[in-house]
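Structure at a glance
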Amino acid sequence: MIDTQPPRGTRDFFPEDMRLRNWLFGEFAAVSASFGFEQFDAPVLESEELFVRKAGEEITDQLYNFEDKGQRRVALRPELTPSLARLVLQRGKALTLPAKWFAIGQCWRYERTTRGRRREHYQWNMDIIGVPGVEAEAELLAAIVALFERVGLTKEDVGIKVSSRKVLQSVLTQYGVPPESFARVCVIVDKLDKLPREKVEEELAALGVPAATIDGVLSALSLRSLEALGDLVGRDSEAVADLNRLFELAEGYGYKDWLVFDPSVVRGLAYYTGVVFEGFDRAGQLRAICGGGRYDRLLGSLGGADSPMVGFGFGDAVIVELLKDKGKLPAPPHTVDDVVVPLDASLRPAAAGIASRLRRAGRRVDLVLEAKKMKWAFKHAEKLHASRLVLVGASEWERGNVVVKDLAKFEQAEVPADSL
Ligand SMILES: CC(=O)Nc1cnc2ccccc2c1
């Protein structure tokens, strides 16, 4: 027999898993719709060049790339943002700005299985193209809060850490670190909460960032208030202005209490240039729930003309773990409206006709396909959480009737078949 397990690091979705996934993706899509976003998608297989970045990111180190039968270098997408950038470049001047696009797509990584981590997950992305001001970030943060509220999480359960890479940029500039090292320094500094400090210092030193600079960077990242940040980088710094404006907008939306200013948030993607943020569980048990930020120079890095862009990715794994921990994970049942049962083989065409009519009327109908006893039909209808059991019996059918059992009200009636 073949191996019935899915490939290493991947998951199967049995019906009960699919019902949960459809519920979660339904919440993602509902929030996107309520914010007026349009859905896009792109192939899970992309040219490798779309993801080749030389900043030492984990996401590109673990690219699921290979050479196809046409000797083309291709990769399974590790994230959706570069594909979005490709579509924006492809549409060019014809793209009406601002554009607000969302996607829900499977993303891949090739990890040495030593860590036994998953190699795929589904990500919900929302991105705003063409808005340079932090009003765009404020709108995306509102969408994340809306999702949390829809799935039953409160600001006591989760929060969103917010900062700006402009903080790091101003510190590094003060210490004379060249701008071209900026992305790589961010990728390394992002590892601070995953690696011991000396490891991070080693990696920074390897980039030629002297120890004194590292102390300066680390002291900036340990600040805990916008005022203190202002004292360090100057009241008129762009980072401070952006973040003050962002918190003012958050007040307007009513979600300010969900936000935490935390300059230690840098995120691990090389292309972020401004505000960055990540959703976290306040109990501190889990990895980031979602993350995102501004990336105004991604199009330029792909050879196109820059346009301001900001977005986030929201994975399908951590949120489910969190809802499980909180006892808030729904278990959507398999439900139909009607179970139709012919009580003998000669009535099967009649039963099929009744099922068709009910289906055309929008009912979800399970038509029993084999000769079954009444007892079985009852149990079957209960398993399917059906509202009605429709029995097609010879004597009633002679009068053009069927027997309908209302399984909620425990009532039964003989009614004309075409009255259902
Ligand atoms: C918790 C989890 O499954 N993370 C995950 C799983 N697969 C990925 C695949 C690509 C990029 C990031 C990924 C992240």
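Scope of this entry: the structure provided in the associated data block. If you're wondering where the values come from, they're calculated on a predicted model, not measured in any experiment.

Some points on the nonpolar core
Counting 77 residues, the largest nonpolar core has Trp 124, Phe 148, Phe 314 and Ile 319 as its most contacted members. Discounting chain neighbours no more than four positions away, the residues touching Ile 319 are Leu 24, Phe 148, Val 151, Leu 153, Ile 289 and Phe 314. One finds Leu 80, Leu 95, Tyr 272 and Met 309 within the second-largest nonpolar core, a separate group that totals 22 residues.

A look at the sheet that holds strand S12 (residues 338-342)
What the 5 strands build is an open sheet, ordered S13-S12-S14-S15-S16; its pairing is mixed. The sheet is open, and its two borders are formed by strand S13 (365-367) and strand S16 (411-416), each paired with just one other strand. Averaged over neighbouring strand pairs, the angle between their axes works out to 20 degrees when direction is ignored. Alignment of strand S15 (residues 401-406) against S16, held across 6 bridges, turns out to be antiparallel. The residue bridging Val 402 from the neighbouring strand is Val 415, located in S16. Here helix H13 (residues 348-360) sits on the sheet and contacts S12, S13, strand S14 (388-392) and S15; the angle it forms with S13, its principal contact strand, is near 165 degrees. Contacts between helix H14 (residues 374-383) and the sheet are confined to S12, S13, S14 and S15, with S14 contributing the most and set at about 155 degrees to the helix.

Observations concerning the pattern of salt bridges
Applying the stated criterion across every chain yields a total of 39 salt bridges. Of the charged contacts, one joins Lys 328 and Asp 157 as a salt bridge, the two residues approaching to 3.6 Å between their closest N and O atoms. Pair noted here: Lys 328 is in the loop between helix H12 (318-325) and S12 and Asp 157 is in the loop between helix H4 (135-150) and strand S7 (158-164), with a separation of 171 residues, a long-range link. On the basis of relative accessibility, which here comes to 10%, the residue Asp 157 falls in the buried class. Residues Arg 197 and Glu 201 are paired through a salt bridge, measuring 2.7 Å at the closest nitrogen-oxygen approach.

A word on the sheet that holds strand S2 (residues 45-47)
Taken in spatial order, the 3 strands make up an open sheet running S2-S4-S3, and their pairing is antiparallel. The sheet is open, and its two borders are formed by S2 and strand S3 (64-67), each paired with just one other strand. Here the strands of the sheet are splayed against their neighbours by 35 degrees on average, with no regard to which way each runs. Bridge count between S3 and strand S4 (residues 73-76): 4 bridges; the pairing is antiparallel. Within S4, the residue paired with Tyr 64 across the bridge is Leu 76.

Brief notes about unusual backbone geometry
Geometrically, the link from Leu 97 to Pro 98 is a cis peptide bond, its omega value of -5 degrees lying close to zero. With respect to the secondary-structure elements, Pro 98 resides in the loop between helix H3 (81-91) and strand S5 (99-108). You will see that His 385, though not glycine, has its phi angle at about 50 degrees, which is positive. Counting through the fold element by element, His 385 comes out in the loop between H14 and S14. A relative accessible area of 43% places His 385 in the partly exposed class. Positive phi outside glycine occurs at Phe 410, with the angle close to 55 degrees. Looking at the secondary structure, you find Phe 410 in the loop between S15 and S16. Accessibility expressed as a relative area gives 77% for Phe 410, which makes it exposed.

As for the state of the cysteines
The final tally for this structure, using the stated rule, is 0 disulfides. Left without a disulfide partner, Cys 107 is nearest to the cysteine sulfur of Cys 290, which lies 15 Å away. The class for Cys 107 is buried, based on a relative accessible area of 2%. Cys 186 carries a free sulfur, and the closest cysteine sulfur to it, the one in Cys 290, is 19 Å from it. Cys 186 gets classed as buried once you look at its relative accessible area, which sits at 0%.

Looking at the environment of Leu 45
Following the sequence through the fold, Leu 45 ends up in strand S2. Residue classification places Leu 45 among the partly exposed positions, given a relative accessible area of 39%. Sequence-wise, Leu 45 and Ser 301 are 256 residues apart; in three dimensions their C-alpha atoms are separated by 20 Å. Setting aside chain neighbours within four positions, we find Leu 45 in contact with Phe 66, Val 74, Ala 75 and Leu 76.

Reading guide: rules and limits
- Residues numbered from 1 in each chain as written.
- Predicted model: local features only at pLDDT ≥ 70, side-chain atom pairs only at ≥ 80, totals over all residues.
- Heavy atoms only, no water.
- Core = buried A, V, L, I, M, F, W, Y, C linked by side-chain atoms within 4.5 Å.
- Buried < 20%, exposed > 50% of the residue type's maximum accessible area, 1.4 Å probe, protein only.
- Contact = heavy atoms within 4.5 Å.
- Pairing = 2+ DSSP bridges.
- Helix = DSSP H or I, 4+ residues; strand = E, 2+ residues; numbered from the N terminus.
- Axes fitted to C-alpha atoms, helices over the stretch in contact; angles between N-to-C directions.
- Salt bridge = Lys/Arg side-chain N within 4 Å of Asp/Glu carboxyl O.
- Disulfide = S-S within 2.5 Å.

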